[in-house]
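# Examination of the molecular architecture
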Amino acid sequence: MKTQSVSAQTPAAQRLDVEAQPIQVGLLGIGTVGSGTFKVLARNQQEIRRRAGRGIAITMVADLDTARAQALVDEAGIEGVQVVGDARAVIANPAIDIVIELIGGYGIARSLVMEAIAAGKHVVTANKALLAVHGSEIFAAANAKGVMVGFEAAVAGGIPIIKALREGLTANRIESIAGIINGTTNFILSEMRDKGLDFGVVLKQAQALGYAEADPTFDIEGVDAAHKVTIMSAIAFGTPVQFNRAYVEGITQLHGADIRYAEQLGYRIKLLGITKRRDDLGGIELRVHPTLVPAIRLIANVEGAMNAIMVHGDAVGTTLYYGKGAGAEPTASAVIADLVDITRLHTADPDHRVPHLAFQPGAQADTRILDIGEVVTSFYLRLQVADQTGVLSEITTILAEHDISIDAVLQRPGSADHAEGGKPTDLIIMTHDTVEGRMRQALARMQALPTVLAPIVNIRKEALN
Ligand code: HSE
């Protein structure tokens, strides 16, 4: 008898095919996440097998550094794994059903993913950059070939946000998503606030602790977060992935002074990835930038390298997902979840699987991504001004002429570090919601005033209520 039950009690147990060979997986690129995947697969193999219906075994690993790869495989204590230097040997192996791509980047990873799909392999990847930029091409190729591409690990590491958006919230019309989806920058912002340190000092600490990469550009410039929010936006709204339409601003220009003033006003500054439906313009907002968030919101209290994502759906209301967005085992948790899904579904009719981007490929909309000038937010402004009669009135007049309403004003002795003349004072203005294009015009006029002594700091604010 081929199929037998390990427990006669449940139908699920009866479906466990105890004699089936494990599904065979090839891993391209072994490092932190690859090692974590080996360890979690080994540690939880019984549970995973009971859930998937059969075993899952990584039987081939390809890495340019074969000695290091072999050492990592040995360290995980798994036997029978073939280590090779050529990734194409994995793709060419007919025994391999699933290829895990953990190389990263848009270069060789893209070629290998496309070749694996062409060879009829299912693919699991943590590569957010690749999917945000080339996702449409990759998913189209996978659909044509009838294979699955799993990418839970590409967004917010261990948080099952792709599953939540694509399946758990499938009844909803998603209205908006706002997330802390880069742990490095959240760690830096938390340290700046907690310890009153400047950006450069904390960045060095983050690198020493291994939170930030040796080249942290993608993290601190907001690019990594933009890759992730681009993928979530496509799933939420049923549109193609369009990274090139995202507005991206990182945290490198943030001053400690603004974090302190924000705190005094009851806000925290977080790097948020935001995507929103804007029915008034028939478009979608897609943006990453530092954002003032009311300190009373749960998401404002997400500290250190943790991630959190708020999703608002019309039926469910607001939901919040919190957890580790990086690291060996949290990311392995997401990779293995995809392996289990593929193991369960690879024999199913491709038309009856969950669509890669939640909506059926033929049902995607070409809703346009709005220009940043069309986005509506409120603003925090800090102007370093000469402390002279009439300065405040000049500034408020300009705002009024652009139909920008003021919510609060705070004046504090300035630090003078950017002043070029006159006795400086910091003028902090919180506005109500306005169209960004109007704010840009007002900022240009205010900046041209001789009494404005330094570049005006402007940070968007979201109520998230
Ligand atoms: N570098 C990312 C972060 C993790 O800091 O959250 C991988 O995307």
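## Looking at the overall build of the chain
On a plain count of helices and strands, the chain comes out with 16 helices and 18 strands. Relative to the compact-globule value of 23 Å for 465 residues, the chain shows a C-alpha radius of gyration of 25 Å, a close match. Along the three orthogonal principal directions, the C-alpha set of the chain runs to about 90 × 45 × 40 Å. Buried residues in the chain amount to 53% of all 465 residues. Per element, the accessible surface of the chain, about 19700 Å² overall, is 51% carbon and sulfur. If the 42 positive side-chain charges of the chain are averaged to one point and the 51 negative ones to another, these points end up 4 Å apart.

## Points about the domain arrangement of the chain
By the assigned domains, the chain splits into domain 1 (11–159 + 330–363), domain 2 (161–325) and domain 3 (373–461). Placing the centre of domain 2 and that of domain 3 at their C-alpha centroids yields a distance of 25 Å. Together domain 2 and domain 3 conceal approximately 1600 Å² of surface at their shared face, both sides included; 61% is due to carbon and sulfur atoms. Summed over the three residues of domain 2 that lose the most area to domain 3, namely Y261, L265 and L292, the buried surface amounts to 35% of that side. At the boundary of domain 2 with domain 3, the tally comes to 2 salt bridges. The partner of E249 in a salt bridge is R460, with the nearest N and O atoms 3.1 Å apart.

## Section: the site of the ligand
With respect to spatial proximity, the complete set of residues near the ligand consists of K128, N182, G183, T184, D219, D224, K228 and A326. Contacts to the ligand include D219, whose side-chain N or O atom sits 3.0 Å from a nitrogen atom. In this structure, D224 approaches the ligand through a side-chain N or O atom, which is 3.1 Å from an oxygen atom. Isolated, the ligand exposes 260 Å² of accessible area, and the fraction of that covered by the protein chains is 83%. If you map the ligand onto the pockets, it falls in the largest pocket. Only α9 (183–195) and α12 (223–237) provide two or more residues apiece to the shell around the ligand. Classifying every residue of the shell around the ligand by side-chain character gives 1 nonpolar, 3 polar and 4 charged.

## What to know about the environment of G238
Within the secondary structure, G238 is located in the loop between α12 and β8 (247–248). Counting along the chain gives 176 residues from G238 to A62, while the straight-line C-alpha distance between them is 35 Å. Those residues within four positions of G238 in sequence are excluded, and the remaining contacts are S233, F359, Q364 and A365.

## With respect to the pattern of salt bridges
Summed over all chains, the structure comprises 31 salt bridges. A salt bridge links E167 to K163; its shortest N-O distance comes to 3.4 Å. Of the two residues, E167 and K163 are both situated in helix α8 (residues 161–168); the distance of 4 residues between them amounts to about one turn of the helix. You can call K163 partly exposed: its relative accessible area is 30%. Between E285 and R287 there is a salt bridge, with its nearest N and O atoms 2.7 Å apart. Members of the salt-bridge network, linked through shared partners, are R193, D194, E263, R268, K270 and E303.

## A word on a nonpolar patch on the surface
There is a patch of nonpolar side chains on the surface, built from Y106, V133 and F218 and spanning about 230 Å² of accessible area. Relative to the helices and strands, F218 resides in helix α11 (residues 217–220).

## Focus on the nonpolar core
Judged by nonpolar contacts, the single largest core of 83 residues is most densely connected at F151, I161, L165, I188, M232 and V311. When residues of this core are assigned to their parent elements, the largest contribution, 10 residues, is made by α12. Apart from the residues lying within four places of it in its own chain, the contact partners of L165 are T170, I174, I177, M232, I235 and V311. I23, I48, I56 and I342 belong to the second-largest nonpolar core, a separate cluster that totals 33 residues.

## Overview of the sheet that holds strand β6 (residues 149–150)
If you walk across this open sheet you meet the 6 strands as β3-β2-β1-β4-β5-β6, and the pairing is parallel. At either end of the open sheet lies a strand with only one pairing partner, and these are β3 (82–84) and β6. Bridge count for strand β2 (residues 56–62) against β3 is 3 bridges, and the pairing is parallel. Bridged to M60 within β3 is Q82. Taken strand by strand, helix α14 (residues 328–345) contacts β1 (23–28), β2, β4 (98–101), β5 (122–125) and β6, and its axis lies near 165° from that of β5.

Calculation notes
- Residue numbers restart at each chain and count upward from 1, following the sequence in its written direction.
- pLDDT decides what is reported in this predicted model: residues at 70 or higher carry local features, side-chain atom pairs at 80 or more are listed and counted, and totals for whole chains, interfaces and linings draw on all residues regardless.
- Hydrogens and water are ignored here; the side-chain numbers use all heavy atoms of the structure.
- Elements are defined by DSSP. Helices are runs of H or I of four residues or more, strands are runs of E of two residues or more, and each kind is numbered from the N terminus.
- Radius of gyration means the value over C-alpha atoms here, while the globule rule gives 2.2 Å times the residue count to the 0.38 power.
- Accessible area is worked out with a 1.4 Å probe on protein chains only. A residue is then buried under 20% of its type maximum, exposed over 50%, and partly exposed in between.
- To be clear on the numbers: accessible area is Shrake-Rupley with a 1.4 Å probe, and residue cover counts the displayed protein chains and nothing else.
- In this tally, Lys and Arg are treated as positive and Asp and Glu as negative; His is ignored, and so are the chain termini.
- Note that the charge is assigned to NZ on lysines, CZ on arginines, CG on aspartates and CD on glutamates.
- These domain boundaries are the output of an automatic or database domain assignment.
- Summed over both partners, the accessible surface that disappears when two parts come together, traced with a 1.4 Å probe, is what is meant by buried area.
- Each salt bridge in this description consists of a side-chain nitrogen of Lys or Arg and a carboxyl oxygen of Asp or Glu lying within 4 Å of one another.
- Proximity is defined per residue: any heavy atom of the residue falling within 4 Å of a molecule or strand makes that residue near it.
- By the criterion applied in these results, polar contacts are pairs of N or O atoms within 3.5 Å in which, for protein atoms, one can donate a hydrogen and the other can accept it, and in which residues neighboring in sequence qualify only through two side-chain atoms.
- For cavity detection a 1 Å grid was placed over the protein atoms alone, and a set of points counts as a cavity when a 1.4 Å probe fits there but cannot get out; an open set counts as a pocket when protein lies on both sides within 12 Å along at least five of seven lines, with lining residues being those that have an atom within 4 Å of a point.
- For a molecule to be placed in a cavity or pocket, more than half of its atoms must lie within 2 Å of the grid points of that cavity or pocket.
- In this classification, the charged set is Asp, Glu, Lys and Arg, the nonpolar set is Ala, Val, Leu, Ile, Met, Phe, Trp, Tyr, Cys and Pro, and all remaining amino acids, among them Gly, are polar.
- Contacts are assigned to residue pairs with any non-hydrogen atoms lying within 4.5 Å of each other.
- The patch calculation keeps residues exceeding 30% relative accessible area without a salt bridge and links them within 9 Å when they carry like charges or within 5 Å when they are nonpolar (Val, Leu, Ile, Met, Phe, Trp, Tyr).
- Definition used in this section: a nonpolar core is a set of buried Ala, Val, Leu, Ile, Met, Phe, Trp, Tyr and Cys residues joined via side-chain atoms within 4.5 Å.
- At least two DSSP bridges between two strands are needed for those strands to be called paired.
- Comment: axis = line fitted to C-alpha atoms, over the contacting stretch for helices; angle = value between 0 and 180 degrees taken between N-to-C directions.

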